[in-house]
Amino acid sequence: MSVEMLSPAGEPGRQAARKHDRALRTVLGVLHDGTAFYAPIGEVITDGTRVICHLCGRSLRSVTAHLRAHGWTKVAYCEAFGLERGESLEGPETRKRRSAAFSARLIFDPAVRDGSAAGRELARTGALTRAAVAAATGRPFPEQRRRKAAQALAAIPPEVIARTNSDGAACRRGQVAEAIARQAGYPDLGSLVLARIADGASLTVISREAGLHKDWLSRHLADVDPAAADAARQLRADRMDARWVPVLSGLGFADVASYLRERHLMRHWSVNAIATEIGFSNHTVNAAFRRHGLAQVSHASKRHAARQRAEQVAARLGYRVLRTTSAGEERMAGPGRQSPLSPGSRSPGCAGMRRNLEGR
Ligand SMILES: [Zn+2]
């Protein structure tokens, strides 16, 4: 569709004036089909009285009425230039005049009166909205609406958007929780989870049974029902500890936590040594540490042995503490600060470490 081809026929003088007029206007771009346009996509440029035609760039009282001259319909025009279908392509004065003329027809013209009544009835019952939704399905979003939405969004502070989103997500999680509990015949999600865990199911299994993502309960149970999440954690911990009980009772311990505390924190056994004693994997032992909130000391036995050797050496030399310093510190101290052990020498019990002694 080209502007030149579809220009209206008129008197030679007016046509020449129009052509001249158009030549002065700037082409803003070209549509996919090659149609040049003179007003920005997704915008209606108006000075209050007149509106600029995208197709020829002329300023007109009513582009709607003028479109016939180009051989275009309003729907095609709005679609091509990214405008809402309901967008007015007329200046306010023209709109007022048209409205006044129509008001009279609404009273005196039975066809208009009936049509208007039918339209109002469709709107009242919601049929109009439904029909509009059905008609709009699959239709691309007009650029004008995209801009309006972006503008509206930009006016809202980001923290308000974030809060609204997270409130919405929490609300949806609550609804999901309620639905799956009801479906399984429980009053709430907490009761469902605790009952299933008591039966031996994991959170993954319960999530899958409910038709949710396998990690749903692991991620959201604490938000939806914190008390149930704590109880579930305790139940799972008890179940994990159950296999330790027979082994530990043979060693004279009542529970996992006191065993780990005694072996690791008091006797400085490594995870490896503990795993060997009870016949479980290192992974199982590590998991037990995490489950009971116990901090692990890495290389516990080696570090403890090194500390003991250092104390022995200090005692043999008649000092209370054997302190490790960096080589840099010793260099900084210079020859004025004499240490009983020269930096180069190595004590027999502390191989690989450079030390000096302090205090007596
Ligand atoms: Zn035009």
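Starting from 1, residues in each chain are numbered consecutively following that chain's sequence as written. Under the rules for a predicted model, residues below a pLDDT of 70 receive no local features and side-chain atom pairs below 80 are neither given nor counted, while totals for whole chains, interfaces and linings still include all residues.

What to know about the overall build of the protein chain
So, step 1. Strands here mean DSSP runs of E at least two residues long; helices mean DSSP runs of H or I at least four residues long; both are numbered from the N terminus. Helix and strand counts for the protein chain stand at 18 helices and 6 strands.
So, step 2. Looking at the protein chain as a whole, 16% of its 360 residues are labelled buried.
So, step 3. Contact between two residues is assigned when their C-beta atoms, built from the backbone, lie within 7 Å. In the protein chain, of all internal contacts separated by at least 6 residues, the share reaching a separation of at least 24 is 56%. Three classes are used. A residue is buried when 20 or more other C-beta atoms lie within 10 Å of its own, exposed when 12 or fewer do, and partly exposed in between, with C-beta atoms placed from the backbone.

Concerning unusual backbone geometry
So, step 1. Despite not being glycine, histidine 268 shows a phi value in the positive range, around 60°.
So, step 2. The residue histidine 268 is located in the loop between helix H14 (256-266) and helix H15 (271-278) in this model.
So, step 3. Its identity is not glycine, yet histidine 299 carries a phi of approximately 50°, on the positive side.
So, step 4. On the secondary structure map, histidine 299 appears in the loop between helix H16 (282-291) and helix H17 (300-316).
So, step 5. According to the C-beta neighbour criterion, histidine 299 is exposed, with 11 such atoms within 10 Å.

Some points on H17
So, step 1. A helix is expected to span 1.5 Å for every residue after the first. Taking 1.5 Å as the rise per residue, H17 with 17 residues should run 24 Å; its terminal C-alpha atoms sit 24 Å apart, in good agreement.
So, step 2. A positive backbone phi angle near 85° is found at glycine 318, which sits one or two residues after H17.

With respect to the nonpolar core
So, step 1. The term nonpolar core means buried Ala, Val, Leu, Ile, Met, Phe, Trp, Tyr and Cys residues held together as one set by C-beta atoms within 7 Å. Counting 17 residues, the largest nonpolar core has Leu189, Val193, Leu217, Leu221, Ala228 and Ala232 as the members making the most contacts within it.
So, step 2. Among the elements of the structure, helix H8 (158-184), helix H9 (189-198), helix H10 (203-209), helix H11 (216-224) and helix H12 (226-242) are those that each provide at least two residues to this core.
So, step 3. Among residues more than four places away in sequence, those in contact with valine 193 are Ile206, Leu217, Leu221, Ala228 and Ala232.

Considerations on the confidence of the model for the protein chain
Parts of the prediction with low pLDDT should not have their coordinates interpreted in detail.
So, step 1. With 82% of its residues at a pLDDT of 70 or more, the protein chain shows a mean pLDDT of 81.
So, step 2. A residue's pLDDT is the confidence the predictor assigns to it, expressed on a 0 to 100 scale. The weakest mean pLDDT in the protein chain belongs to helix H18 (residues 327-333) at 42; the strongest belongs to strand S3 (residues 51-52) at 94.
So, step 3. pLDDT under 50 marks residues 1-13. Its contacts with residues more than four places away, or in other chains, come to 14 contacts.
So, step 4. Here residues 325-360 scores under 50 on pLDDT; set against residues more than four positions off or in separate chains, the count is 40 contacts.

Some thoughts on the packing of H9 against H12
So, step 1. Lines fitted to the C-alpha atoms define the axes, with helices restricted to the stretch that makes contact. Angles between their N-to-C directions range from 0 to 180 degrees. Contact pair H9 / H12: the axes reach a minimum separation of 9 Å and the direction vectors enclose 5°. Considering their axes alone, H9 and H12 lie roughly parallel with respect to each other. When H9 is examined against H12, the residues Leu189, Gly190, Val193, Leu194, Ile197 and Ala198 are found in contact with a partner set consisting of Ala227, Ala228, Ala231, Ala232, Leu235 and Arg236.
So, step 2. Gly counts as polar in this scheme, as do all residues outside two lists: the nonpolar Ala, Val, Leu, Ile, Met, Phe, Trp, Tyr, Cys and Pro, and the charged Asp, Glu, Lys and Arg. Residue composition of the contact of H9 with H12, by class: 10 nonpolar, 1 polar and 1 charged. Any angle that falls under 35 degrees is termed roughly parallel, while one over 145 is termed roughly antiparallel, one within 65 to 115 roughly perpendicular, and all others oblique.

Here we look at helix H7 (residues 143-154)
So, step 1. When the terminal C-alpha atoms of H7 are compared, their 16 Å separation across 12 residues agrees well with the 16 Å that a helix rising 1.5 Å per residue should span.
So, step 2. Counted residue by residue, H7 has 0 buried out of 12 residues, so it is predominantly exposed.

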